[in-house]
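Here's the letter readout for the chains.
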Amino acid sequence: MSMPIRPPFVRLRTEIAGIPVAQLAEQFGTPLFVYDGSWMLRRLGDLHRFDCVRYAMKACSNLAVLDLLRRHGALVDCVSAGEVRRALYVGYPAQGDPPPIVYTADIFDRESLALVVQEGIHVNCGSPDMIRQYGAVAPGREITLRINPGFGHGHHLKTNTGGERSKHGIWYEQLAACLEEAAEFGLRVTGLHMHIGSGTDLEHLAQVCGAMEKAVLKAGPTIRSISGGGGLPIPYRPEEQYVDLDEYYRLWDRTRQRLQEALGHPIRLEIEPGRFIVAEAGYLLSEIRAVKQQGQFTFYLVDAGFNNLARPILYGAYHPISICPAEGDLDRPDIEAIVGGPLCESGDIFTQQEGGFVVPRRLPKAKVGDWLILERAGAYGFVMGSNYNSKPLAAEVLIQDGQARLVRRRQTFEDLIREEIFPK
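Residues numbered from 1 in each chain as written. Predicted model: local features only at pLDDT ≥ 70, side-chain atom pairs only at ≥ 80, totals over all residues. Heavy atoms only, no water.

Would you mind going over the nonpolar core in detail, with residue names and values included?
Counting residues in each nonpolar core, the largest one holds 105 residues, and the members touching the most others are Tyr55, Tyr134, Leu145 and Leu192. The biggest single contributor to this core is helix 8 (residues 202-219), with eight residues. If we ignore the near neighbours within four places in the chain, the residues touching Tyr55 are Cys60, Val65, Leu66, Leu69, Ala74, Leu75, Val76, Asp77, Pro273, Gly274, Ile277 and Val278. Counting 16 residues, the second-largest nonpolar core is a separate cluster that includes Leu24, Trp371, Ile373 and Val397. (Core = buried A, V, L, I, M, F, W, Y, C linked by side-chain atoms within 4.5 Å. Buried < 20%, exposed > 50% of the residue type's maximum accessible area, 1.4 Å probe, protein only. Helix = DSSP H or I, 4+ residues; strand = E, 2+ residues; numbered from the N terminus. Contact = heavy atoms within 4.5 Å.)

Next comes the structure, spelled out in structure tokens:
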């Protein structure tokens, strides 16, 4: 497993996956999400040594993306009834070994409980109440338990999914009681799952591996699979690096080998990436509609806002930004500019830090009509979109085999108000 090839950081971009930016904007309009299918498959291939790569659909759930990954061997992790239905719709079978679809959550809403029971979807329980609710209506089935090991890790507090301040997973000290409760319903616990947050580093990973080993030995010989969850980072900034995938795999594989020796049977090693597969493959293409001078600061105002890409306003997340000149003149000096969107909201700024601090970014000088591309936007982009300010959801395009294909049409005003009713 070699280190991944990193896509270049550029400030001037004329093509995405070989297709001219101007062609994409003129054919499909803006704002527009563009996905490079070849990068998704490259990242999927980087993880081939794991027994099971289970794509975390919440990162990007477009049907065409799911179908592409399904056809190239990825299984899927779902966190809602809607995501389960998406997986079934693109052709994932409901049942199999390993389970093609896993429902992972901390609760069952009524729809999701009914659906997983009806379709026989494997469940990864993240709370004791899930065990009781599932056991009451589906006794005798197999389940997985998501364990909170008592510590977490993440690039932001809002992405930390472990420790006592996190809502996720079954608290590690409650594992024995949960195993007893599962046994009362005849539920067979066949796997354990741990995910402590995004931005994995090897020091924290070693702690997770140790916690997993202790939990599996406590759970006993029924365990046939372990999952290290997701959280694999990708570089959003030029100075950032990937995690060492060889060492990442070795840490988990050594844990798996010790458990196989202790339990006396094979253990399936799963990984659950979302961001790692789709983030770098995604671009949010927008048009610059105003260039303003506000005192000492220059603002580029574009037709995409946090209704399209919410990560900067939620986490102060950094996304690389490039400019595509509409007239093809690439000799552009750099200036300091702040990039904002169209929304009537002061926080609608793409160049901000955690806490809402607005900061300029060094970018090529641009003018109205040029295109601005927010890069590495394939994960937690469209899926977190909203209709704030009655803005329609953006279109999505997938580039595969040199062809750009529309995989979600732009939402219309009629779509926007379709479900609304005002009484006579």
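With reference to specific residues and values, describe the packing of helix 6 (residues 128-137) against helix 7 (residues 175-184).
Packing of helix 6 against helix 7 brings their axes to within 9 Å, and their N-to-C directions diverge by 5°. By the criterion of interaxial angle, the relationship of helix 6 to helix 7 is roughly parallel. Where helix 6 approaches helix 7, its residues Pro128, Ile131 and Arg132 are matched on the opposing element by Cys178, Glu181 and Ala182. Of the residues contributing to the contact of helix 6 with helix 7, the split by class is four nonpolar, no polar and two charged. (Axes fitted to C-alpha atoms, helices over the stretch in contact; angles between N-to-C directions. Parallel < 35°, antiparallel > 145°, perpendicular 65-115°, else oblique. Nonpolar A, V, L, I, M, F, W, Y, C, P; charged D, E, K, R; others polar.)

Talk me through the packing of aromatic side chains; I want residue IDs and the actual numbers.
By the definition in use, this model includes nine aromatic pairs. Centroid distance Phe33 to Tyr35: 6.4 Å. Interplanar angle 20°. Geometry classified as stacked. Residue Phe33 shares its accessibility class with Tyr35, and that shared class is buried. Ring plane angle 85° and centroid distance 6.1 Å describe the contact between Phe33 and Phe382, whose orientation is recorded as edge-to-face. Of this pair, Phe33 sits in strand 3 (residues 32-36) while Phe382 sits in the loop between strand 20 (371-375) and strand 21 (395-400), placing them 349 residues apart in sequence. For Phe382, a relative accessible area of 12% puts it in the buried group. In this arrangement the basic side chain of Arg361 is found over the ring face of Tyr318, its NZ or CZ atom lying 3.9 Å from the centre. The ring of Phe9 carries Arg376 above its face, with NZ or CZ at 3.9 Å from the centroid. (Phe/Tyr/Trp six-rings, centres within 6.5 Å; stacked < 30°, edge-to-face > 60°. Lys NZ or Arg CZ within 6 Å of the ring centre and 35° of its normal.)

Kindly report on the pairing of strand 4 (residues 52-56), identifying the contributing residues and their values.
In terms of residue burial, strand 4 counts as a mostly covered element, since five of its five residues are buried. Across the two faces of strand 4 the burial is the same, with Cys52, Arg54 and Ala56 and Val53 and Tyr55 all buried. The sheet contact formed by strand 4 and strand 12 (residues 268-271) spans two bridges and is parallel. In the sheet register, Val53 faces strand 12, and the bridge partner there is Ile271. Bridging between strand 4 and strand 5 (residues 75-78) involves three bridges; their strand directions are parallel. Along strand 5, the bridge assignment pairs Tyr55 with Val76. For the crossover that starts at strand 4, traverses helix 3 (residues 63-71) and ends in the parallel strand 5, the hand is right-handed. (Pairing = 2+ DSSP bridges. Right-handed = clockwise from strand over helix to strand, strands pointing away.)

Give a detailed account of helix 1 (residues 21-28), specifying residues and quantitative values.
All of the buried residues along helix 1 are Val21, Leu24, Ala25 and Phe28. For helix 1, the angular spread of the buried residues around the axis is 100°, confining them to a single face. Taken from the residues just after helix 1, Gly29 is the one with a positive phi, measuring 80°. (Arc of directions from axis to C-beta.)

Account for the pairing of strand 6 (residues 101-105), with residues named and values stated.
The side chains of a regular strand alternate, residue by residue, between the two faces of the sheet. The buried fraction of strand 6 amounts to five of the five residues, a majority that puts the element mostly inside the structure. Burial along strand 6 is two-sided: Ile101, Tyr103 and Ala105 facing one way and Val102 and Thr104 facing the other are all buried. Where strand 5 meets strand 6, three bridges bridge the pair, whose relative direction is parallel. The residue bridging Cys78 from the neighbouring strand is Tyr103, located in strand 6. Considered for its hand, the β-α-β crossover made up of strand 5, helix 4 (residues 81-89) and strand 6 is right-handed.

Break down helix 5 (residues 110-119) for me, citing the residues and quoting the values.
Because the α-helix completes a turn every 3.6 residues, residues three or four places apart line up on one side. Within helix 5, burial applies to Ser112, Leu113, Leu115, Val116 and Val117. Backbone geometry just after helix 5 places Gly120 at a positive phi near 75°.

Mind laying out the state of the cysteines, listing which residues take part and the relevant values?
Summed over the entire model, instances satisfying the criterion amount to zero disulfides. Just so you know, Cys52 is unpaired, no disulfide at all, and the nearest cysteine sulfur is the one on Cys78, 12 Å from it. Residue class for Cys52 comes out buried when judged on its relative accessible area of 2%. A disulfide-free cysteine, Cys125 has its sulfur positioned 8.9 Å from the sulfur of Cys178, the nearest such atom. You can call Cys125 buried: its relative accessible area is 0%. (Disulfide = S-S within 2.5 Å.)

How would you summarise the side chain of Glu270 if you had to cite specific residues and measurements?
Of note, Glu270 is situated in strand 12. Within the structure, the side chain of Glu270 is placed 2.9 Å from the side chain of Arg268, a separation counted as a polar contact. When near neighbours in sequence (up to four residues on either side) are disregarded, Glu270 contacts Phe50, Cys52, Arg54, Pro98, Ile226, Ser227 and Gly228. (Polar contact = N/O pair within 3.5 Å; in protein donor to acceptor, adjacent residues only side chain to side chain.)

Describe the pattern of salt bridges, and please don't skip the residues or the numbers.
Within this structure, the stated rule accounts for 27 salt bridges. When the shortest N-O distance is used, the salt bridge between Arg71 and Asp67 registers 3.0 Å. Pair noted here: Arg71 and Asp67 are both in helix 3, with a separation of four residues, about one helical turn. Judged by relative accessible area, Asp67 falls into the partly exposed class, the value being 22%. Between Arg132 and Glu181 there is a salt bridge, and its shortest N-O distance comes to 2.8 Å. Taken as a pair, Arg132 in helix 6 and Glu181 in helix 7 lie far apart in primary sequence, 49 residues in all. (Salt bridge = Lys/Arg side-chain N within 4 Å of Asp/Glu carboxyl O.)

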